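# Remarks on the overall topology
Below are the chains, spelled out letter by letter.
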Amino acid sequence: MSLYDDAVRVLEEYDGGEELRRTYLDHLANHPDGMWKACGAGHLTASALVVDPARERVLLTLHRKLGRWLQMGGHCEPGDATLADAALREATEESGIPGLTLLPGGPVTLDRHAIPAPCHWHLDVQYAALAPPGAAPAISDESLDLRWFGYEEVASVADASVLHLLERTRARL
């Protein structure tokens, strides 16, 4: 099964918002290259909110290009077999934490957001990743900073999309 086929399967099974789900599926149907950054009409991305439920906190990255506190994530790569693999790879690379595991049940939510040209849209498939006990993050070159925030602190640093992802993640924990 290709990454494209996995994305279609994941989105067909996703139960969390019919309108966005349909937008993603229509995009893939109209753009066979819709998994890749090179797709000028936009492309799927995969991200994961790193969570430490025992300490009621999340790890956010201060994105180097955007200057905003976000979950870990990014573009799919040819070596990714599934969207879940892409999300877990990105979370591991950007957090520096080995041993992350995705929260069972597939994507937590979807988020479509505009990006600067030459592309137009990121269609982000968002997961949650559980941090192992004693996880010690290490900043990557994609980040200006990396920091743990208590659940209640996130609203003071992050935008509505991160808050929505946290809300959906906490509901699933």
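Let me sum up the structure you'll find in this document. Computed from a predicted model, the values in this text were never measured in an experiment.

Another point: unusual backbone geometry. You will see that Glu 56, though not glycine, has its phi angle at about 50°, which is positive. If you trace the backbone, Glu 56 turns up in the loop between strand 1 (43-52) and strand 2 (57-63).

Here we come to helix 2 (residues 18-30). An ideal rise of 1.5 Å per residue puts 18 Å on 13 residues; helix 2 measures up with 18 Å between its terminal C-alpha atoms. Along helix 2, the positions that sit buried rather than exposed are Arg 21, Tyr 24, Leu 25, His 27 and Leu 28. When helix 2 is viewed along its axis, its buried side chains cluster within an angular range of 155° and face the same direction. Exposed and facing more than 90 degrees away from the buried side of helix 2 are Glu 19, Ala 29 and Asn 30. Residues of helix 2 that are buried make contact with helix 1 (3-13), strand 1, strand 6 (109-114) and strand 7 (121-130).

Moving on, we get to helix 3 (residues 83-95). Each turn of an α-helix holds 3.6 residues, which means side chains three or four residues apart point in the same direction. In a regular helix each residue adds 1.5 Å, so 13 residues correspond to 18 Å; helix 3 covers 18 Å between its end C-alpha atoms and thus fits that length. The complete set of buried residues in helix 3 reads Leu 83, Ala 86, Ala 87, Arg 89, Glu 90, Ala 91, Glu 94 and Ser 95. Those residues of helix 3 that are buried are in contact with helix 1, strand 1, strand 2, strand 4 (72-75), strand 7 and strand 8 (143-150). With its phi angle positive at about 75°, Gly 96 sits one or two positions after the end of helix 3.

Structurally, Gln 126 can be placed in strand 7. Side-chain polar atoms of Gln 126 contact the side chain of Asp 124, separated by 3.1 Å. Among all residues touching Gln 126, those that are not within four sequence positions of it are Ser 47, Gln 71, Pro 107, Val 108, Thr 109, Leu 110, Asp 111 and Leu 165.

Okay, the packing of helix 1 against helix 2 next. Between helix 1 and helix 2, the shortest axis-to-axis distance is 10 Å and the interhelical angle comes to 155°. As far as their axial angle goes, helix 2 and helix 1 are roughly antiparallel. In this structure, the crossing between helix 1 and helix 2 has a hand that is left-handed. In contact with Tyr 4, Ala 7, Val 8, Leu 11 and Glu 12 of helix 1, helix 2 contributes Arg 21, Tyr 24, Leu 25, Leu 28 and Ala 29.

Another point: the pattern of salt bridges. Taken as a whole, this structure holds 12 salt bridges when the rule is applied. Among the salt bridges present, the one from Arg 21 reaches Glu 18, with a minimum N-O distance of 2.9 Å. Of the two residues, Arg 21 and Glu 18 are both situated in helix 2; the distance of 3 residues between them amounts to about one turn of the helix. What makes Arg 21 buried here is its relative accessible area of 12%. Arg 89 is the partner of Glu 90 in a salt bridge, and the nearest nitrogen-oxygen pair spans 3.0 Å. An identical accessibility class is assigned to Glu 90 and Arg 89; each is buried. Because the salt bridges share partners, they merge into one network encompassing Glu 77, Asp 80, Arg 89, Glu 90 and Glu 93.

Reading guide: rules and limits
- Residues numbered from 1 in each chain as written.
- Predicted model: local features only at pLDDT ≥ 70, side-chain atom pairs only at ≥ 80, totals over all residues.
- Heavy atoms only, no water.
- Helix = DSSP H or I, 4+ residues; strand = E, 2+ residues; numbered from the N terminus.
- Expected span 1.5 Å × (residues − 1).
- Buried < 20%, exposed > 50% of the residue type's maximum accessible area, 1.4 Å probe, protein only.
- Arc of directions from axis to C-beta.
- Contact = heavy atoms within 4.5 Å.
- Polar contact = N/O pair within 3.5 Å; in protein donor to acceptor, adjacent residues only side chain to side chain.
- Axes fitted to C-alpha atoms, helices over the stretch in contact; angles between N-to-C directions.
- Parallel < 35°, antiparallel > 145°, perpendicular 65-115°, else oblique.
- Left-handed = near helix turned anticlockwise from the far one by under 90°.
- Salt bridge = Lys/Arg side-chain N within 4 Å of Asp/Glu carboxyl O.

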